[in-house]
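Take a look at the letters that make up each chain.
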Amino acid sequence: MKDVLIELERRRDEARAGGGAKRITAQHERGKLTARERLEVLLDENSFEEFDMFVEHRCTDFGMDSQKYPGDGVVTGWGTINGRQVFVFAKDFTVFGGSLSWTHAEKIMKVQDMAVRNRAPIIGLFDAGGARIQEGVAALGGYGEVFQRNVLASGVIPQISVIMGPCAGGDVYSPAMTDFIFMVRGTSYMFVTGPEVVKTVTNETVTAEELGGADVHTTRSSVADGAYDDDIACLIDVRRLVDILPASNVATAPVLPTEDPWDRIEMSLDTLIPDSPTAPYDMKELLEKVADEGSLFEIQAAFAKNIITSFGRIEGKTVGFVANQPLTLAGVLDSDASRKAARFVRFCDAFNIPIVTFVDVPGFLPGTAQEYGGLIKHGAKLLFAYAEATVPKVTLITRKAYGGAYDVMASKHLRGDINYAWPTAEIAVMGPKGAAEILYRADRDNPEALAKRIKEYEDRFANPFVAAERGFIDEVILPHSTRRRIARALRLLQEKRLENPWRKHDTIPL
Ligand code: HXC
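Quantities reported herein were computed from a predicted structural model and do not represent experimental measurements. (Residues numbered from 1 in each chain as written. Predicted model: local features only at pLDDT ≥ 70, side-chain atom pairs only at ≥ 80, totals over all residues.)

Describing the sheet that holds strand β9 (residues 226-228)
Threshold: The pairing criterion is simple: DSSP has to find at least two bridges between the two strands. Here a strand is any run of E in DSSP of at least two residues, a helix any run of H or I of at least four, and the numbering for each starts at the N terminus. Lines are fitted to the C-alpha atoms to define the axes, a helix being fitted only along its stretch in contact, and any angle between axes, read from their N-to-C directions, falls within 0 to 180 degrees.
Ordered in space as β1-β2-β3-β4-β5-β7-β9, the seven strands form an open sheet in which the pairing is mixed. Bordering the open sheet on either side are β1 (49-51) and β9, each of which pairs with just one other strand. Ignoring strand direction, the axes of neighbouring strands in this sheet form an average angle of 20°. As paired strands, strand β5 (residues 159-163) and strand β7 (residues 180-184) are joined by four bridges and run parallel to one another. Bridge assignment links V162 to a residue of β7, and that residue is F182.

Here's what the structure looks like:
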């Protein structure tokens, strides 16, 4: 028995050594942790149980039969995060650059299947160069199997991808089909084809950072949802995110006890809206004052800043906040903001997370750049997402709700459950100046007459009461009591039941 135990330990040590001491040192020198070190940070202490530690690839081409590493470049298993089960896989860059062989794929498929069967989130840590080149179609087939499982798990369990090294091919397409992607600045890259291929095919010279670094993907492409300075900061925030999310689409998110009173009055909100209707203010202040203290977790904070998408808690329960941000582009809806918010709304709806929407929107962004870029289809995504969502929807109009954007932003007409407005709300087809100029063309060149027309329009629509008289706004509330009103609304809606008609799936304008 003793010999058997010694042999087991020897084999375990061999597997834990990955691609060997030299490659592990190189990994550390690049500022990266190894796959196992990362799992230690991500999971509760001593909670990790590993599967398939002794699996080896079966490739015999290109001298591969003499190069075998137990575990074959990916560490898989399950563990807990603050006591809740999660399934994990972590690519080991020290073994063939973390590339995916058929057996490596089988290991990932196993945890994907178990995660769905047991209704628990799955988290992938990526540091890998895609399909293993020596395996050819076997590796491609392996990725196909992983992709198929990503799709079947979508909307059933949360899938989170963390990019922690150079990632290409399948190691970017699989994350792309998951719910959230986080990156590490300076060490992680995502591209379908790397800088060398780019140079060969397009003759474009570009660095890995410029092509697919964390800044590119969090500010320009919107492929990634957040970026961090190092592996540890990133993994610690992923733990926070897991705490916010339900384990599956049939579970509720954990309730985190809070000392923050549900009926906290915030007198400062009474003066949040500036006197001038065009002056900006920071919508984040409203989110911070309404959510439980310290509970916000923003998604895509650096992209399309004219809309805020953030998880947060009210009375300890997870909600999704969507809010126009007057500080950027006056909070206008453009293609990027519409896509960003649509994705968030659909995630919340899939996982039964109530949506709280704060509206201050002057409309959709006019211009050729937007129209040529498909604003009609992108704006429609957000409209569609809100309209199909059946989770509790609580909306507050703080100031402007103009034009189509009024309809889009979780209005009563899209089955908003509780629609509040502050007394400062202005709900109209467009801003008073634009309206007067169209309605009274003859007065265009007569500033005095035009000013009178603008004032008339303002007096009629620059308030919430016209909408409230029709029942499109349920109540005009005092800003200082916003947290209390929203908390009560969410309590009311806790048992909400609403189903859309049966269909195979909708045809959202993609
Ligand atoms: C086999 C690979 C590999 C791969 C890297 N390695 N990628 N082995 N298959 N795909 C090995 C290297 O040979 C090297 O081995 C070690 O991993 C580290 O790689 P380096 O190149 O030295 O590291 P670095 O300079 O940091 O560059 C990392 C990289 C680069 C950017 C990932 O290696 C690279 O471009 N790899 C190829 C990416 C790729 O085109 N993959 C195929 C995608 S197709 P040693 O022994 O020296 O340690 C795909 C299809 C899926 O995935 C379908 C998509 C829809």
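Some words on the UniProt feature "domain: CoA carboxyltransferase N-terminal" (unreviewed entry) in the protein chain
Filter applied, for reference: UniProt positions are given in the numbering used here, feature names are shortened, and annotations may be inferred rather than shown by experiment.
Mapped onto the present numbering, the UniProt feature "domain: CoA carboxyltransferase N-terminal" (unreviewed entry) falls at residues 1-257. End C-alpha atoms of residues 1-257 are separated by 49 Å, and the span's content is 41% helix alongside 17% strand.

Quick word on the nonpolar core
So the rule is basically this: Here, a nonpolar core denotes buried Ala, Val, Leu, Ile, Met, Phe, Trp, Tyr and Cys residues that are linked to one another through C-beta atoms within 7 Å. Once C-beta atoms are placed from the backbone, each residue is buried if 20 or more other C-beta atoms lie within 10 Å of its own, exposed if 12 or fewer, and partly exposed for counts between those two. By definition, residue pairs are in contact when their C-beta atoms, positioned from the backbone, come within 7 Å.
Grouped together as the largest cluster of nonpolar side chains are 133 residues, with contacts concentrated most on V162, F182, V238, V345 and A401. Looking at this core, the element that brings in the most residues is helix α12 (residues 335-350), giving seven residues. For V345, the residues in contact, after removing those within four places along its chain, are V322, I355, A385, Y386 and A389.

Regarding helix α7 (residues 195-202)
Of all eight residues in α7, zero are buried, a share of ten percent or less. Just downstream of α7 lies N203, where phi reads positive at about 65°.

Let's talk about the domain arrangement of the protein chain
As a reminder, the rule being used: Domain extents, as shown, originate in an automatic or database domain assignment.
In terms of domains, the protein chain is made up of domain 1 (2-244), domain 2 (267-425 + 463-492) and domain 3 (431-461). Its C-alpha centre places domain 1 at a distance of 60 Å from the equivalent point of domain 3.

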